[in-house]
Amino acid sequence: MARSTKARGQTAAKANQPFLYRHYTPEQLREALRKMYLIRRFEEGAEESYMRGLIHGTMHLSIGQEASAVGICMALTDEDQITSTHRGHGHSIAKGADVKRMFAEFFGKTTGYCRGRGGSMHIADVTKGNLGANGIVGGGIPIAVGAALTAKRLGTGKVAVSFFGDGANNEGAFHEALNMASIWKLPVVFVCENNGYGMSTSVARSTAVPNIADRAAAYSMPGVIIDGNILSKVAEAANEAVERARLGQGPTLIECKTYRYRGHSKSDRNRYRTKEEIEQWMTQHDPISLYEAELREFGVIDEAGIAAIRADVEREIAEGIEYAKASPAPEIADLEQDVYTELA
Amino acid sequence: MNVAVEVKAETGARELTYAQAIQEAMALAMEADERVVLMGEDIGVYGGAFQVTGNLVERFGPERVIDTPISELGGAGVAVGAAVTGLRPIFEFQFSDFATLAMEQIVNQAAKMRYMLGGAVSVPVVMRFPAGSGTGAAAQHSQSLEAWFGHVPGLKVVQPATPHDAKGLLLAAVQDPDPVMIFEHKLLYKMKGEVPEGFYTVPIGKAAVRREGRDVTIVATSIMVQKALDAAATLAGEGIDAEVIDLRTIRPMDRKTVVESVKKTSRLLCVYEGVKTLGVGAEISAMVAESEAFDYLDAPIVRLGGAETPIPYNPDLERATVPQVENILAAARDLVRGAR
Ligand SMILES: Cc1ncc(C[n+]2csc(CCOP(=O)(O)OP(=O)(O)O)c2C)c(N)n1
Ligand SMILES: [Mg+2]
């Protein structure tokens, strides 16, 4: 069919655009921004609820790392599976979890994703392919490889993604898992969110190579280093790695360089880094500000559009917290339920 | 034993927290013996996940207060190798749950090396494990796994229940030529108690009678000791005179103290936080049942242990998984009044 000159011109213009803008519709791009806000406001809502004594235990906030969670999950379908980490709220939201049920979990309620059994550190949404956060550093990495083995054996076409931090790259599980993924050419993507520190220990002090992605060479897979605070870069790398996995070409290790704004957990005095360093990241390299600016530049959104998304997210967070408060607590009598599968 | 420090008489005592007592013990051990080093994740400038090492890195420097990468298997193994060859490492796990990653080096190497090599080496390593539930940290950060280690010949396993013992047992562990595993209950870190100044040791393998009584023996470990004492105070008001034994060491177990007590009271209640089945209480019970105290028993032995579940997140569920004072009261009343 013949195309009009105008349409041809648009196609040509589109072809010259960066990957993200070629590959996704404006709605999808705006949805990505909404998810990034949702993660940030969820984290802030969780933090505030913790301060007010509504949530107990501890939690690890991913504020500042929204682009890697959202950018990676943009390349996935609902059927694809992820394993997450102790810093897993963002992954959970990016993979499509409902913040209502996440808050409910943090409040220890039966309506939570783990029926109040897991809390922040075990947040999961198996129906959306999130096999769970993890209390064990590196614990999810072999599990993702297992998911990829299933996908390959059963021919489901699913891809598995394992998120982990820089600190996890020094656990044996990381090395054993990458090796197996490589020798068996499994459809898995390893995503290291390198925020510079494992608790107080910097990568320079903990790790023998300057980049985590350098480890990929030891397991004969591509190692890709990207600015993890630039959503378009993350999404592009993710798409390439996921495509490679789907085509049966094996695993990829992606390293997203990023930064966490908050302390490691609720009991961190930040003695291992400077205020200036934190400020620098927050003011100069914030993933949400960067993405917003880019969307404006490409004419995908305007101020009114941004305001509308923000208002929408505020409502969703407020409703989520109310839902969690109003939900019922578990019964002590059910304590032993689900230790084992009930056999008919 | 070629250790530079010597047991001095206990000098003045002050109130310290359990965590402070442990820190003081580590500092004393390091002052006294150059070979003592601390190893673990974030024990330097961070001060440890529970602030037990605190600012020791400022005093002793990063060469002796060594931050490891997040590598429990390797880290524990390096500590074992260093112990065999001349250092005296004190290795901190951030949570006892992460010992599961290091079991190979602890169980196959540390525990057996001396025996396998016909006594040619010793393995003077100390490992510290923050353990137990009650912090809302859920299933992978709340376990009480001490019985696993108690099952391994070659290891010694202690569970200090007071600041005094936390210090004295750690100093005994550092002097001990064999691997000593110390399980510290996280909820005890803030507990205050009298702690003597200076160097002293509490013997490994020796239980302590915390309260004398005639009607029932309650053998408790770790945080359950205080709960048992609280229960005993209430029971006293009801005319039940409970004897409370703080087991302190689960391997080697102090058979004599427990057996003598049961011969006196004729009733035994074991209270421990670890999962009830195949736990520490099973061993205490069997030890008594196999002893001369068996003939003195007036009632079946009772165990109160952790529920047969992982530790849940919800605080009410979490509380329900471990014995509480009210459970001890109910069990002791039943035992003494013959409801069973
Ligand atoms: C096996 C294990 N060791 C130690 C810990 C304690 N811990 C929890 S998170 C963490 C730091 C992890 O650093 P990193 O992998 O870089 O993730 P980040 O916290 O920076 O997101 C540590 C040491 C743990 N949960 N599991
Ligand atoms: Mg990190």
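The structure under discussion appears in the preceding block.
Residues numbered from 1 in each chain as written. Chains lettered and ligands numbered in written order. Predicted model: local features only at pLDDT ≥ 70, side-chain atom pairs only at ≥ 80, totals over all residues. Heavy atoms only, no water.

(A) Up close: unusual backbone geometry. Here Arg251 of chain B and Pro252 of chain B are connected by a cis peptide whose omega angle stands at 0 degrees. Tracing the backbone shows Pro252 of chain B in the loop between strand S12 (249-251) and helix H9 (255-265). Phi is positive for Arg115 of chain A, close to 55 degrees, though the residue is something other than glycine. You can see Arg115 of chain A is positioned in the loop between helix H6 (99-106) and helix H7 (140-154). Judged by its relative accessible area of 32%, Arg115 of chain A falls in the partly exposed class. Look at Asp338 of chain A: it is not a glycine, yet its phi comes out positive at around 75 degrees. In this fold, Asp338 of chain A is placed in the segment after helix H13 (303-326). (Helix = DSSP H or I, 4+ residues; strand = E, 2+ residues; numbered from the N terminus. Buried < 20%, exposed > 50% of the residue type's maximum accessible area, 1.4 Å probe, protein only.)

(B) Geometry of the sheet that holds strand S5 (residues 126-131) of chain B. Residue and element names in this part refer to chain B. Read from one edge of the open sheet, seven strands run S3-S2-S4-S5-S7-S6-S12, paired in mixed fashion. Here the strands that pair on one side only, and so sit at the sheet edges, are strand S3 (65-67) and S12. Mean inter-strand twist for the sheet, computed between neighbouring axes without regard to direction, equals 20 degrees. As judged from the three bridges shared by strand S2 (residues 36-40) and S3, these two strands associate in the parallel manner. What sits directly across from Gly40, in S3, is Asp67. Along the sheet, helix H7 (residues 163-175) makes contact with S2, strand S4 (88-92), S5, strand S6 (156-158) and strand S7 (180-185), crossing S5 at roughly 150 degrees. (Pairing = 2+ DSSP bridges. Axes fitted to C-alpha atoms, helices over the stretch in contact; angles between N-to-C directions. Contact = heavy atoms within 4.5 Å.)

(C) Up close: the site of ligand 1. Taken together, 22 residues sit near ligand 1, with His86, Arg87, Gly135 and Gly167 of chain A together with Glu72 of chain B positioned nearest. His86 of chain A places a polar side-chain atom, nitrogen or oxygen, 2.7 Å from an oxygen atom of ligand 1. Contact between ligand 1 and Val137 of chain A: a nitrogen atom at 3.0 Å from a main-chain N or O atom of the residue. Surface burial for ligand 1 is 97%, taken as the share of its 580 Å² of free accessible area covered by protein chains. (Near = heavy atom within 4 Å. Polar contact = N/O pair within 3.5 Å; in protein donor to acceptor, adjacent residues only side chain to side chain. Areas by Shrake-Rupley, 256 points an atom, 1.4 Å probe, with all protein chains shown as cover.)

(D) Region of interest: the interface of chain B and chain A. Across the boundary between the two partners, chain B contributes 35 residues, which contact 39 residues of chain A. Roughly 2,900 Å² is buried in total at the junction of chain B and chain A, and carbon and sulfur atoms are behind 59% of that figure. When the area that chain B buries against chain A is broken down by residue, the three leading residues are Tyr46, Ile70 and Tyr313 of chain B, summing to 26%. Where chain B packs against chain A, one counts one salt bridge. Between chain B and chain A we count 14 residue pairs in polar contact (both at pLDDT 80 or more) in total. Among the elements that line the side of chain B that touches chain A, the one with the most residues is helix H11 (residues 315-320) of chain B, at five residues. (Buried area = accessible area lost by both parts, 1.4 Å probe. Salt bridge = Lys/Arg side-chain N within 4 Å of Asp/Glu carboxyl O.)

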